[in-house]
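Residue-level structure breakdown
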Amino acid sequence: MSDTRAVSGEQWALQRAMLLGAVCLVVGLAAGWLIRGWESPHTAAAGPLATTPATTAAAPAPNAAQLKLQADQQATPLLEQLKAQPENAGLLAGIGNLYYDAQQYQTAIDYYGKSVKIKPADASVRTDLGTAYWYLGNADAAIDQFNTALNYAPANANTLFNRGLVKWEGKGDAQGAIADWKKLLATNPGYESKDKVEQMLAKVEKQTGSGMTGQ
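Residues numbered from 1 in each chain as written. Predicted model: local features only at pLDDT ≥ 70, side-chain atom pairs only at ≥ 80, totals over all residues. Heavy atoms only, no water.

**Observations concerning the overall build of the chain**
For clarity, the threshold we go by: Counting from the N terminus, the helices are the DSSP runs of H or I reaching at least four residues and the strands are the DSSP runs of E reaching at least two. Only protein chains enter the accessibility calculation, which uses a 1.4 Å probe. A residue is then buried if its area is under 20% of the maximum for its type, exposed if over 50%, and partly exposed in between. Areas reported as accessible are Shrake-Rupley estimates using a 1.4 Å probe. Residue values count occlusion only from the protein chains shown.
Helices and strands together make up the secondary structure of the chain, namely nine helices and zero strands. Counting from the amino terminus, helix and strand elements in the chain follow one another as α-α-α-α-α-α-α-α-α. Across the 215 residues in the chain, those meeting the buried criterion constitute 45%. When the accessible area of the chain is evaluated, it comes to approximately 11,100 Å², of which 54% is carbon and sulfur surface.

In structure tokens:
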């Protein structure tokens with residue numbers, strides 16, 4: 001991502017791509033999507049196989065207060081840097097990322113908003129900004145940010161995916177979603193999450209009776 005974690009803009013977009021999951025997504029198919037690649041499971045280090053599997057209790061998921069505290073702690077050194085570099089768009093986006101990951105979406109919006117005021121053409125940050133708005137239940141603001149991102153990067157695959165999903169779930173605009181996803185597939189034939197896009201597209205077309213013509 002285009003932030004202080006030194007991930008490239010393309011990787012950053014992929015990390016954010018699975019955006020929408022927890023909020024009102026349909027029948028399991030969309031749940032957990034809106035493009036966030038960082039949720040890939042970790043693999044265990046290679047080593048001898050145990051003859052008897054060890055059993056360990058799963059750690060409880062952190063609550064909202066714990067997530068906020070962790071984000072606040074992680075943000076402290078960045079906020080110190082920000083005092084000396086108040087116009088550093090990447091630094092602002094990096095702080096926004098910490099709060100986004102901690103599900104502190106309003107705080108993330110504040111920092112992303114400051115970042116895009118300085119660097120308005122950063123489609124990746126705008127996509128995260130739109131995603132954060134969606135998580136707060138504001139589909140119109142989310143779509144506004146996706147629209148602006150696509151003005152700068154018309155073929156941005158993750159923005160197209162996310163805008164389509166918000167159109168579908170937030171606005172009931174199935175045809176708009178279909179158009180976005182078809183454009184995504186046409187302009188990004190090697191898209192990493194192509195199979196998911198095709199599943200979503202097939203489901204919406206089936207529900208609306210649009211058929212699969214035009215792909």
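Structure shown, so let's carry the discussion forward.
**Brief notes about the nonpolar core**
Operational definition: By nonpolar core we mean a set of buried residues, namely Ala, Val, Leu, Ile, Met, Phe, Trp, Tyr and Cys, connected to one another through side-chain atoms within 4.5 Å.
Counting residues in each nonpolar core, the largest one holds 23 residues, and the members touching the most others are Leu82, Ile95, Tyr99, Tyr100, Tyr111 and Tyr112. For this core, the elements supplying multiple residues, two or more each, are α2 (64-84), α3 (89-101), α4 (105-118) and α5 (123-135). Top element by residues in this core is α3. It accounts for seven residues. Counting residues in hydrophobic clusters, the runner-up holds 17 residues, among them Leu160, Trp168, Trp181 and Val197.

**So, the packing of aromatic side chains**
Defined as follows: Here a Phe, Tyr or Trp ring, Trp counted by its six-membered ring, pairs with any other such ring whose centre lies within 6.5 Å, and the pair is stacked when the planes are under 30 degrees apart, edge-to-face when over 60, and tilted otherwise. Two conditions define a charge sitting above a ring: the NZ of Lys or the CZ of Arg must be within 6 Å of the ring centre, and it must be within 35 degrees of the ring normal.
In total, this model carries seven aromatic pairs according to the counting rule given. A connected cluster of aromatic rings, assembled from ring pairs, spans Tyr100, Tyr105, Tyr112 and Tyr135. Geometry around Tyr111 places Lys114 over its ring, the cationic atom sitting 5.3 Å from the centre.

**Side note on the environment of Ala177**
Keep this limit in mind: Whether two residues touch is decided by their heavy atoms; if any such pair falls within 4.5 Å, the residues are in contact.
Within the secondary structure, Ala177 sits in helix α8 (residues 174-187). A residue is classified by how much of its surface remains accessible, and Ala177, at 0% relative accessible area, is buried. Sequence spacing of Ala177 and Gly164 is 13 residues, and the spatial spacing of their C-alpha atoms is 3.8 Å. Dropping the residues within four chain positions of it, Ala177 is found in contact with Gly164, Lys167 and Trp168.

**Re the packing of α2 against α3**
The test is simple: Axis definition: a line fit to C-alpha positions, over the contact stretch in the case of helices; interaxial angles, taken between N-to-C directions, run 0 to 180 degrees. Should an angle fall under 35 degrees it is taken as roughly parallel, and over 145 as roughly antiparallel, whereas 65 to 115 is taken as roughly perpendicular and any remaining angle as oblique. Residue polarity is assigned by list, with Asp, Glu, Lys and Arg as charged and Ala, Val, Leu, Ile, Met, Phe, Trp, Tyr, Cys and Pro as nonpolar; anything else, Gly included, falls into the polar class.
Contact geometry of α2 with α3 gives a least axis separation of 9 Å together with a crossing angle of 170°. Viewed along their axes, α2 and α3 adopt a mutual orientation that is roughly antiparallel. Residue-level contacts link Ala71, Asp72, Gln74, Ala75, Leu78, Leu79, Gln81 and Leu82 of α2 to Leu91, Leu92, Gly94, Ile95, Leu98 and Tyr99 of α3. When its residues are assigned to classes, the contact of α2 with α3 shows ten nonpolar, three polar and one charged.

**So, the side chain of Arg163**
Secondary-structure assignment places Arg163 in helix α7 (residues 157-171). Sequence-distant contacts of Arg163, defined by excluding residues within four places in its chain, comprise Phe146, Asn147, Leu150 and Asp180.

**Description of the packing of α7 against α8**
Axes are the key here: two packed helices are described by the angle between their axes and the distance separating the axes. Stated precisely, the cut-off is as follows: A clockwise turn of the near helix away from the far one marks a right-handed crossing, whereas an anticlockwise turn of less than a right angle marks a left-handed crossing.
Between α7 and α8, the least distance of the axes is 7 Å, while the angle of their chain directions is 165°. In terms of their interaxial angle, α7 and α8 are classed as roughly antiparallel. Every pair of crossing elements has a handedness; the one defined by α7 and α8 is left-handed. The residues of α8 that touch α7, namely those facing Ala157, Leu160, Phe161, Arg163, Gly164, Leu165, Lys167 and Trp168, are Gly176, Ala177, Asp180, Trp181, Lys183, Leu184 and Thr187. By residue class, the composition of the contact of α7 with α8 is eight nonpolar, three polar and four charged.

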